[in-house]
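# Report on the structure
The primary structure of each chain is shown beneath.
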Amino acid sequence: MRLIAMEEAFALPDVLARRPLTRTSTSPELIDVWNRRLVDFTEERLPLMDKYGIDVQVLSLTVPGIQGLTDPGEAVAESRRANDFLAEVVARHPDRFKGFAAVPLQDPRAAAAELERAVNVVGLSGALVNDHTGGHYYDEPRFDVFWDKLAELDVPLYLHPGAPPADQWHLLKGRPELVGPVWTWGAETAGHALRLVLGGVFDRHPQARLVLGHMGEGLPFHLARLDSRYACQSDRPLRRKPSAYFGDNVLVTVSGVWSHAALTGAIAELGVDAVMFAVDYPYESTETAVEFLRSAPLAAEDLEKVAHLNAARLLRLN
C-alpha cells in the first residue's frame, strides 16, 4: 500500500538558526529533535520514510511561516525564497517529496501571483497557510483575488494552525496548557474554516478546495449541530446547508489524531473520498501514524483511498 503524507513540515535553515522552536510546555529533548529534523531531508527524514513505508511527503513551511511576518514586502520576498528553496528540495528527490507553497497573504494580489509562480514555474502542488494573517481572515472580500487564482490553478489551500494569536481569550487565563496544539490552535483554525463556509467563499469560488488537518479540526463531528442552528437563523444567504461544503470544498487529513473512532466518524460524515493520510512530521511519530492507518478498520478499497489515492487525485500526482 502506497502512502502519501500530506502535512509534513520543514524550516529554512537560516531562519531556524536565528529563531529555533521554543515551547515552554514541551520537553527540551523533544524540541531539540524537532529543530534538527525540520532542516533535514536526507539524514533522518528519508530513512524514516523508508523504514515505515511512506512513499511521498508533501512538505510545507513550519509555523508560523509567512503568517509570522508583519511587513508585506518582507512577506513577499520570504515567500519567494521559501518556495525556491522547497522547489530545489523537491527537484533533488522528485519521487519522494512534493511541496505546498508559502504565500504572502499580507498582500492578496502578490499572494495570487506567487501562487501562480510557485505552481506553474517551480512546480509546487498548492499552498499552505498557518491560519490568519495579521488578524485578517480569508472570507474578507480582499482575498477573493487569491481564491480566484487558487480555483483557476486547480490546487488546494491547506489551512494549518499556528499564526501568532489575533485575540486574547479570557477563557485561557491561568490555563497556559490550553494554548497551542493542545486546544486553541484547533479551535481557532476550525473557527476560521467556518468563517470561510458561512462567509460564502465556496459559493463565490465553487471550484476552490480547502484542506484541514487533525481530522478536520473536529468539525466533522459538529456538522449536524451546525446545520440545525443555521436553519433557525432568519438570514441564510448560503446556497447550500453548511455541511454540504464539507466533503466537497472542504477536505481533511488525519494528522495527529490517532483514533479509529474519529477516523470512521469522519468518513461517515464526509465520505471516504474526502479523507487523507498525514503524519505531521516531525511533531508526530511516523511509526505511530503508519501503524494507526495500517490497522484501521476499513475495507481495502477505502484504505487505499485514504492512504494515497485521494491525495494523488487532489494533487494530480502520477
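Refer to the structure above for everything that follows.
If you're wondering where the values come from, they're calculated on a predicted model, not measured in any experiment.

What follows covers empty space enclosed by the protein. Counted according to the given criterion, the structure contains 1 cavity of 30 Å³ or more. Within this model, the largest cavity holds a volume of roughly 60 Å³. Along its surface, the largest cavity is lined by S60, L61, G65, I66, Q67, F100, A101, A102, V103, L128, V129 and N130. At the level of secondary structure, the elements contributing two or more residues to the lining of the largest cavity comprise β2 (56–61) and β4 (127–130). It is β4 that contributes the most residues to the lining of the largest cavity, 3 residues altogether. Of the residues in the lining of the largest cavity, the class split is 8 nonpolar, 4 polar and no charged.

Attention now moves to the pairing of strand β7 (residues 250–253). Burial along β7 is two-sided: the face carrying V250 and V252 and the face carrying L251 and T253 are both buried. Alignment of strand β6 (residues 210–212) against β7, held across 3 bridges, turns out to be parallel. If you follow L212 over to β7, its bridge partner there is V252. Direction of pairing for β7 relative to strand β8 (residues 275–276): parallel, over a ladder of 2 bridges. Residue pairing for β8: T253 is matched across the bridge by M276. Once you follow β7 into helix α11 (residues 260–270) and on to β8, the crossover reads as right-handed.

Under the counting rule described, the total for this entry stands at 18 salt bridges. One salt bridge connects E44 with R36, and the closest N-O pair in it is separated by 2.5 Å. Several salt bridges share partner residues, and in doing so they unite D14, R18, E78 and R81 into one network.

The next point concerns the environment of F41. In this structure, F41 sits in the loop between α2 (28–38) and α3 (45–52). Looking at F41, the relative accessible area reads 9%, which means it is buried. In this structure F41 touches F10, L46, L59, F85, V89 and F97, once residues within four positions along its chain are discounted.

Side chains of a nonpolar character, in soluble globular proteins, are inclined to be buried together. If you look at the biggest cluster of nonpolar residues, it comprises 98 residues, and the most contacted ones within it are M6, W147, F202, L210 and F277. When residues in this core are grouped by element, the largest group, 7 residues, is from helix α13 (residues 300–315). If we skip the residues at most four places from it in the chain, F202 touches W147, L196, V197, A208, L210, Y245, N249 and V250. Of all hydrophobic cores here, the second largest spans 8 residues; its members include L21, I31, W34 and Y283.

It is worth spelling out the packing of helix α4 (residues 72–92) against helix α5 (residues 108–120) at this point. Running from N to C, α4 and α5 cross one another at 15°; their axes reach a closest spacing of 11 Å. Relative to α5, α4 is oriented roughly parallel. The handedness of the crossing between α4 and α5 is right-handed. Across from V76, S79, R80, N83 and D84 in α4, the residues of α5 making contact are A110, E114, R117 and A118. Taken together, the residues that form the contact of α4 with α5 break down as 3 nonpolar, 2 polar and 4 charged.

A separate point is the side chain of E8. For E8, the location among the structural elements is in strand β1 (residues 4–10). The side chain of E8 is buried and forms no salt bridge, while R45, the nearest opposite charge, is found at 6.2 Å. Among the polar contacts made by the side chain of E8, one reaches the main-chain amide nitrogen of M6 at a distance of 3.5 Å. At 2.9 Å, the side chain of E8 forms a polar contact with the backbone nitrogen of V279.

Before going further, it helps to spend a moment on the packing of aromatic side chains. Scanning the model with the defined rule gives 11 aromatic pairs in all. Centre to centre, the rings of F41 and F97 are 6.2 Å apart; their planes meet at 70°, and the pair counts as edge-to-face. You can see F41 sitting in the loop between α2 and α3 and its partner F97 sitting in strand β3 (residues 97–99), a full 56 residues away along the chain. Ring geometry for W147 and F202: centres 5.9 Å apart, planes at 80°, overall edge-to-face. Taken as a pair, W147 in helix α6 (residues 144–153) and F202 in helix α8 (residues 201–204) lie far apart in primary sequence, 55 residues in all.

What counts, and where the lines are drawn
Residues numbered from 1 in each chain as written. Predicted model: local features only at pLDDT ≥ 70, side-chain atom pairs only at ≥ 80, totals over all residues. Heavy atoms only, no water. 1 Å grid on protein atoms, 1.4 Å probe; cavity = no way out; pocket = protein on both sides within 12 Å on 5 of 7 lines; lining within 4 Å. Points joined across faces, edges and corners; volume = space filled by probe spheres on them. Helix = DSSP H or I, 4+ residues; strand = E, 2+ residues; numbered from the N terminus. Nonpolar A, V, L, I, M, F, W, Y, C, P; charged D, E, K, R; others polar. Buried < 20%, exposed > 50% of the residue type's maximum accessible area, 1.4 Å probe, protein only. Pairing = 2+ DSSP bridges. Right-handed = clockwise from strand over helix to strand, strands pointing away. Salt bridge = Lys/Arg side-chain N within 4 Å of Asp/Glu carboxyl O. Contact = heavy atoms within 4.5 Å. Core = buried A, V, L, I, M, F, W, Y, C linked by side-chain atoms within 4.5 Å. Axes fitted to C-alpha atoms, helices over the stretch in contact; angles between N-to-C directions. Parallel < 35°, antiparallel > 145°, perpendicular 65-115°, else oblique. Left-handed = near helix turned anticlockwise from the far one by under 90°. Lys, Arg positive; Asp, Glu negative; His and termini not counted. Polar contact = N/O pair within 3.5 Å; in protein donor to acceptor, adjacent residues only side chain to side chain. Phe/Tyr/Trp six-rings, centres within 6.5 Å; stacked < 30°, edge-to-face > 60°.

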